[in-house]
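# Fold and contact review
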Amino acid sequence: MPGLLRGVARTAVVAGTATAVSNRVSRRQQGRWAAQQGGYDEPAPQPAAPAEPAAPDMSDKIDQLKQLGELKTQGVLTDAEFEEQKHRILYG
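Below, the structure is looked at part by part.

Conventions used here
Residues numbered from 1 in each chain as written. Predicted model: local features only at pLDDT ≥ 70, side-chain atom pairs only at ≥ 80, totals over all residues. Heavy atoms only, no water. Phe/Tyr/Trp six-rings, centres within 6.5 Å; stacked < 30°, edge-to-face > 60°. Lys NZ or Arg CZ within 6 Å of the ring centre and 35° of its normal. Salt bridge = Lys/Arg side-chain N within 4 Å of Asp/Glu carboxyl O. Helix = DSSP H or I, 4+ residues; strand = E, 2+ residues; numbered from the N terminus. Buried < 20%, exposed > 50% of the residue type's maximum accessible area, 1.4 Å probe, protein only. Expected span 1.5 Å × (residues − 1). Arc of directions from axis to C-beta. Contact = heavy atoms within 4.5 Å.

Let us look at the packing of aromatic side chains. All told, the structure shown has zero aromatic pairs when counted by the stated rule. One Lys or Arg, Lys72, reaches over the ring of Phe82 and ends 4.7 Å from the middle of that ring.

Structural data, given as structure tokens:
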């Protein structure tokens, strides 16, 4: 049973990380497409200040870390697995 829970926990962490990355890629592509539709004579819009887009990404990371901590507390993840997943969330 612990092996099954550990597998489910890993899947949840990986799926959450994949969702965050996918959302980020989608936003970036939408920005590029919008710039292309605006015409080539116009300068591309400047990206927003780093503080604005960092807030949603950081809240996603915080949520993922909270879930990860809960899984470790429940005994689903070992210390080594917790550290590995935490590193993936924080540093990509």
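Moving on from the model shown.
Once that is clear, we can look at the pattern of salt bridges. Applying the stated criterion to the full structure yields three salt bridges. With its nearest N and O atoms 2.8 Å apart, the salt bridge here joins Arg88 to Glu84. You can see Arg88 and its partner Glu84 sitting in helix H3 (residues 79–91), four residues apart, about one turn around the helix. Since its relative accessible area comes to 42%, Arg88 is described here as partly exposed. In this structure Glu84 comes out as partly exposed when scored by relative accessible area, which is 40%.

This next bit is on H3. Taking 1.5 Å of rise per residue, 13 residues should cover 18 Å, and H3 covers 18 Å from first to last C-alpha, within 8% of that figure. Taken as a whole, H3 has its buried residues at Glu81, Phe82, Gln85 and Ile89. Down the axis of H3, the sector holding all buried residues measures 100 degrees, keeping them to one side. More than 90 degrees from the buried face of H3, the exposed residues found are Asp79, Ala80 and Tyr91. Phi turns positive one or two residues past the end of H3, at Gly92, with a value near 80 degrees.

Secondary-structure assignment places Gln64 in helix H2 (residues 51–73). Excluding its chain neighbours within four sequence positions, the residues that come into contact with Gln64 are Gly16, Thr17, Ala20 and Ile89.

By secondary structure assignment, the location of Arg10 is in helix H1 (residues 2–37). By relative accessible area, Arg10 is classed as partly exposed at 37%. Remark: the alpha-carbon pair of Arg10 and Val76, spanning 66 residues in sequence, is separated by 9.2 Å.

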